[in-house]
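Topology and contacts: notes
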Amino acid sequence: MSDSDRRVARGGPYVGSPIIMATVRVVMPFVFTFGLFVMFHGADSSGGGFQGGVIVGTVVLMLGIAFGIESTRDWIGPRLPVALVGVGVLAFLFTGIGSVLLGAGFLEYAVYGDLGIPHASKYGIEFVELAIGVIVAGIVTGLFFAIAAGTTGGESA
Amino acid sequence: MTPREIAVVVLVAGGAFFAIVAAVGLVRLPDVYARAHSTSKSETLGAVLTLGAVAASYGIGFNTLKVLLLLLFMFLTNPTAAHAITRAAHELGIEPWTGDEGDEP
């Protein structure tokens with residue numbers, strides 16, 4: 001890239017770097033898997049929904065940094081982060097209030113065993129961790145786009 | 001000392017040495033490009049040697065595989081992060097230090 005092109009690139013649209021794009025392409029699926037791994041480990045060891053959700057949200061941040069924030073925003077769309085947060089909250093409430101409806105306390109997973117689910121307590125915790133992870137990933141993604149929009153002015157995520 | 005202990009001590013000493021070199025470079029070098037050069041190379045090597053010591057102390061097993069994967073991703077991501085930072089600095093128009101204008105900038 002010549003010097004004049006570089007000067008155009010400074011104020012103009014983002015120009016991708018092949019090194020960063022290639023690395024992100026290679027690393028991205030592993031980061032996503034690692035996020036899910038951390039989420040499911042929250043039940044009985046270190047990790048959990050919050051940490052795993054942040055790691056999964058980082059995947060979108062890496063895409064934004066490598067391929068340009070505007071094109072990533074167009075690809076993700078404005079509704080997906082909000083939908084993720086909504087679905088996560090609904091899943092959490094469904095699990096929590098469902099146990100109340102079955103006659104136990106709030107989030108008392110063991111009662112789901114009566115419905116024929118094996119290891120109800122373990123899978124209940126993992127389901128709730130997954131819901132928390134989805135909420136956190138949606139919030140991290142939405143906040144990233146909202147903050148990035150501030151530099152160009154106007155539109156929100 | 002067993003051969004494995006000797007290997008672990010040598011790897012940890014090498015890792016600590018390169019980490020200290022990276023820290024000294026970060027404090028002493030003049031501008032963002034020189035500092036990124038110091039931290040990306042020395043720090044990557046320091047972290048990789050230290051993780052190699054961890055892998056050597058675990059022996060053969062599942063934990064070693066995890067540490068080796070971590071080592072591989074350290075090799076991939078650390079230089080890329082340094083590249084991204086220096087590229088952003090260049091696009092912001094930060095001129096490299098050439099030593100022409102007096103001593104330290």
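Residues numbered from 1 in each chain as written. Chains lettered and ligands numbered in written order. Predicted model: local features only at pLDDT ≥ 70, side-chain atom pairs only at ≥ 80, totals over all residues.

With an unreviewed UniProt entry as reference, chain B is termed Putative monovalent cation/H+ antiporter subunit G, source organism Halolamina pelagica.

The name recorded for chain A in an unreviewed UniProt entry is Putative monovalent cation/H+ antiporter subunit B, from Halolamina pelagica. Under the UniProt heading Subcellular location (unreviewed entry), the entry covering chain A gives this text: "Cell membrane". (UniProt positions renumbered as here; feature names shortened; annotations may be inferred.)

1. A look at the overall build of chain B
Along the backbone of chain B there are 3 helices and 0 strands. Start at the N end of chain B and walk to the C end: the helices and strands fall as α-α-α. Computed over C-alpha atoms, the radius of gyration of chain B comes to 17 Å, more than 25% over the 13 Å expected from 2.2 N^0.38 for 105 residues, which places it beyond the range of a compact globule. For the C-alpha atoms alone, the extent of chain B along its principal axes is close to 55 × 25 × 10 Å. A buried classification covers 20% of the 105 residues belonging to chain B. Across chain B, contacts joining residues at least 24 apart in sequence account for 65% of those joining residues at least 6 apart. (Helix = DSSP H or I, 4+ residues; strand = E, 2+ residues; numbered from the N terminus. Rg over C-alpha atoms; globule rule 2.2 N^0.38 Å. Buried ≥ 20, exposed ≤ 12 C-beta atoms within 10 Å, placed from the backbone. Contact = placed C-beta atoms within 7 Å.)

2. Structural notes on the interface of chain A and chain B
The interface of chain A with chain B comprises 10 residues on the first partner and 9 residues on the second. Among the elements that line the side of chain A that touches chain B, the one with the most residues is helix H2 (residues 18-41) of chain A, at 6 residues. Tallied by class, the residues present in the side of chain A that touches chain B amount to 7 nonpolar, 2 polar and 1 charged. (Nonpolar A, V, L, I, M, F, W, Y, C, P; charged D, E, K, R; others polar.)

3. Section: the confidence of the model for chain B
All names here are of chain B. Of the residues in chain B, 94% reach a pLDDT of 70 or more, and the chain-wide mean stands at 88. The secondary structure element of chain B with the lowest average pLDDT is helix H3 (residues 62-91), at 89, and the one with the highest is helix H1 (residues 3-28), at 94. Here the prediction assigns the complex a pTM of 0.76, and the interface score ipTM is 0.71. (pLDDT = per-residue confidence, 0-100.)

4. Some remarks on the packing of H1 of chain B against helix H2 (residues 32-58) of chain B
All names here are of chain B. In contact at an axis separation of 8 Å, H1 and H2 are set at 160 degrees when each is read in the N-to-C sense. Here H2 runs roughly antiparallel to H1, going by the angle between their axes. Where H1 crosses over H2, the handedness of that crossing is left-handed. Among the residues making up the contact of H1 with H2, the classes are represented as 13 nonpolar, 10 polar and 3 charged. (Axes fitted to C-alpha atoms, helices over the stretch in contact; angles between N-to-C directions. Parallel < 35°, antiparallel > 145°, perpendicular 65-115°, else oblique. Left-handed = near helix turned anticlockwise from the far one by under 90°.)

5. Regarding the UniProt feature "transmembrane region" (unreviewed entry) in chain B
Residue and element names in this part refer to chain B. UniProt marks residues 6-27 and 48-76 with the feature "transmembrane region" (unreviewed entry), using the numbering shown here. With 100% helix and 0% strand, the stretch residues 6-27 has end C-alpha atoms that lie 32 Å from each other. Taken end to end, residues 48-76 is 90% helix and 0% strand, and its two terminal C-alpha atoms sit 11 Å from one another.

6. Structural notes on the packing of helix H3 (residues 49-67) of chain A against helix H4 (residues 69-76) of chain A
Residue and element names in this part refer to chain A. For the pair H3 and H4, the least separation of the axes is 6 Å and the interaxial angle reads 135 degrees. Judged by the inter-axis angle, H3 sits oblique to H4. Here H3 contributes Val 60, Leu 63, Gly 64 and Phe 67 to the contact with H4, which in turn contributes Ile 69, Ser 71, Thr 72 and Ile 76.

7. Some thoughts on H3 of chain A
Residues and elements named next belong to chain A. Across its 19 residues, H3 extends 27 Å between first and last C-alpha, which sits within 8% of the 27 Å expected from 1.5 Å per residue. Of the positions making up H3, those classed as buried are Gly 49, Gly 52, Gly 53, Ile 55, Val 56, Gly 57, Val 59, Val 60, Leu 63, Gly 64 and Ala 66. Just downstream of H3 lies Gly 68, where phi reads positive at about 95 degrees. (Expected span 1.5 Å × (residues − 1).)

8. Thoughts on the confidence of the model for chain A
Averaged over chain A, the pLDDT score is 82; the fraction of residues at 70 or greater is 85%. Counting contacts from residues 1-10 of chain A, a segment whose pLDDT is below 50, to residues more than four positions away or on other chains yields 5 contacts.

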